[in-house]
Amino acid sequence: MSVLICGGAGYIGSHNVRAFKAHGEDVIVIDNLYTGHKASLPEDVKFYEGDIRDGKILDKIFTENKIEAVVHFCAFSLVGESVEEPLKYFDNNVGGMISLLEAMQRNDVKKIIFSSSAATYGEPKKVPILETDPTNPTNPYGESKLIMEKMMKWVSRRYDIRYVSLRYFNVAGAWHDGSIGEDHRHETHLVPIILQVPLGKRPHVTVYGDDYPTKDGTCIRDYVHVEDLARAHILALEYLRNGGESNIFNLGSGDGYSVMEMINAARKATGQDIAVEIGARRAGDPAKLVADSNKAHEILKWQPEITRMEDIIASAWKWHKGHPNGYAD
Ligand code: UFG
């Protein structure tokens, strides 16, 4: 039996492909290569280029292979763009989930692991955030992920499909050998942006606001290494294999680091000074987002292993230094 990884050529998907293979799973990938990179895939992985909104290609995959479970990463994920083009997000993210669940139901596939987000919570009333805390997304991206979770809930009740939804906090880092990593055409994430300074691609990093009610005035986030994150997906599959019921888990380290602390960690990891400019706040940024990941620890037995920010950034640096132009190199 194989595991179908939808969106396996993207940043988080490609790290999961490696991790599942290293764990001995037979992996099949579908990706429309809209934001993903074929070069991120190992050569021996069976790859279908296509869009999960196309039920025909899903039926073809489910017919040509024996698929035990689906791991679903296909989504647009730019918060700002989602505010500008909400229907693009609902069409791709929600539409993709409808098509995928329909195909799973048609083809009798019963397990799905879903890439959800802390964006489902919106502005939290308290931190650390628990899975049972209110979900009030503040942008269409987060709303689309919440709708996708709710769709799985109702479909699982009707068709005996079981799901695990993993709500990621801030994912960073790269595969330990530096061979794959983050490469977005339009980069918005803090760690790759910081590293563009020592790469000579930007003169400084702009800190979006230093007047937040935090220890140094800059926003606090919960960063988790992409390899630790991938391990949680494997544990989620084992959990479903062992009969676990449908469930939702936060994935974060439980520790918060400020933007300035991340920049300082990057200075240590790269051995270079990184120039900083203080800019205005970015619309919609909560001051502090930190996960309570005890549920994942207790039930999935998951715990992040790479917890020093310097180590997370050093792994990203290894990838970026070796591939200053990403997969174009
Ligand atoms: N930041 C800067 N300068 C930059 C880029 C980011 O100061 O050039 C700051 C942001 O203001 C924020 C922090 O760095 O305080 C992290 O920003 P990211 O854009 O890297 O990540 P976010 O916390 O905004 O986003 C993450 C996920 C999203 C998810 C969101 C909400 O990447 O997918 O959390 O949960 F939607």
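Keep in mind it's a predicted model, so treat the numbers as computed, not measured.

Criteria and thresholds
Residues numbered from 1 in each chain as written. Predicted model: local features only at pLDDT ≥ 70, side-chain atom pairs only at ≥ 80, totals over all residues. Heavy atoms only, no water. Pairing = 2+ DSSP bridges. Helix = DSSP H or I, 4+ residues; strand = E, 2+ residues; numbered from the N terminus. Axes fitted to C-alpha atoms, helices over the stretch in contact; angles between N-to-C directions. Near = heavy atom within 4 Å. Polar contact = N/O pair within 3.5 Å; in protein donor to acceptor, adjacent residues only side chain to side chain. Areas by Shrake-Rupley, 256 points an atom, 1.4 Å probe, with all protein chains shown as cover. Nonpolar A, V, L, I, M, F, W, Y, C, P; charged D, E, K, R; others polar. Expected span 1.5 Å × (residues − 1). Buried < 20%, exposed > 50% of the residue type's maximum accessible area, 1.4 Å probe, protein only. Contact = heavy atoms within 4.5 Å.

### Examining the sheet that holds strand β4 (residues 67-72)
Then, in step 1: Read across the sheet, seven strands follow the order β3-β2-β1-β4-β5-β6-β11 without closing on themselves; strand pairing throughout is parallel. Two strands in the sheet have a free side with no partner beyond their single neighbour: β3 (46-49) and β11 (247-251). Across the sheet, the mean angle separating the axes of adjacent strands is 20° when strand polarity is ignored.
Then, in step 2: Judged from the seven bridges that link them, strand β5 (residues 111-117) and strand β6 (residues 162-168) form a sheet pairing that is parallel. Across the sheet, S116 pairs through a bridge with R167, a residue of β6.

### Observations regarding the site of the ligand
Then, in step 1: In the vicinity of the ligand lie 20 residues, with L190, T206, R221, R282 and D285 positioned nearest.
Then, in step 2: T206 places a main-chain nitrogen or oxygen 2.8 Å from a nitrogen atom of the ligand.
Then, in step 3: Taking R221, its side chain carries an N or O atom lying 2.7 Å from an oxygen atom of the ligand.
Then, in step 4: Here the ligand loses 90% of its free accessible area of 690 Å² to cover by the protein chains.
Then, in step 5: Elements with a contribution of two residues or more to the shell around the ligand: α6 (190-195) and β8 (205-208).
Then, in step 6: The element that contributes the greatest number of residues to the shell around the ligand is β8, accounting for three residues.
Then, in step 7: Its residues assigned to classes, the shell around the ligand comprises 12 nonpolar, five polar and three charged.

### Structural notes on unusual backbone geometry
Then, in step 1: The omega angle of the peptide bond from V127 to P128 is -5°, so this bond is cis rather than trans.
Then, in step 2: Turning to its location among the elements, P128 is positioned in the loop between β5 and α5 (140-159).
Then, in step 3: In the Ramachandran plot, D108 falls in the positive-phi region, its phi being about 65° despite a non-glycine side chain.
Then, in step 4: In this fold, D108 is placed in the loop between α4 (86-107) and β5.

### Some remarks on helix α1 (residues 11-22)
Then, in step 1: Look at α1: 17 Å from first C-alpha to last across 12 residues, which is about the 16 Å you get at 1.5 Å a residue.
Then, in step 2: Counting buried residues in α1 gives 10 out of 12 residues, a clear majority hidden from the surface.
Then, in step 3: When we look at burial in α1, the residues that qualify are Y11, I12, G13, S14, H15, N16, V17, R18, A19 and F20.
Then, in step 4: Residues of α1 that are buried sit in contact with β1 (2-6), β2 (26-31), β4, β6, β7 (170-172) and α7 (226-241).
Then, in step 5: With its phi angle positive at about 95°, G24 sits one or two positions after the end of α1.

### A few points about the side chain of R167
Then, in step 1: Topologically, R167 is positioned in strand β6.
Then, in step 2: For R167, a relative accessible area of 3% puts it in the buried group.
Then, in step 3: Of the polar contacts made by the side chain of R167, one reaches the side chain of T120; its length is 3.4 Å.
Then, in step 4: Side-chain polar atoms of R167 contact the side chain of Y121, separated by 2.9 Å.

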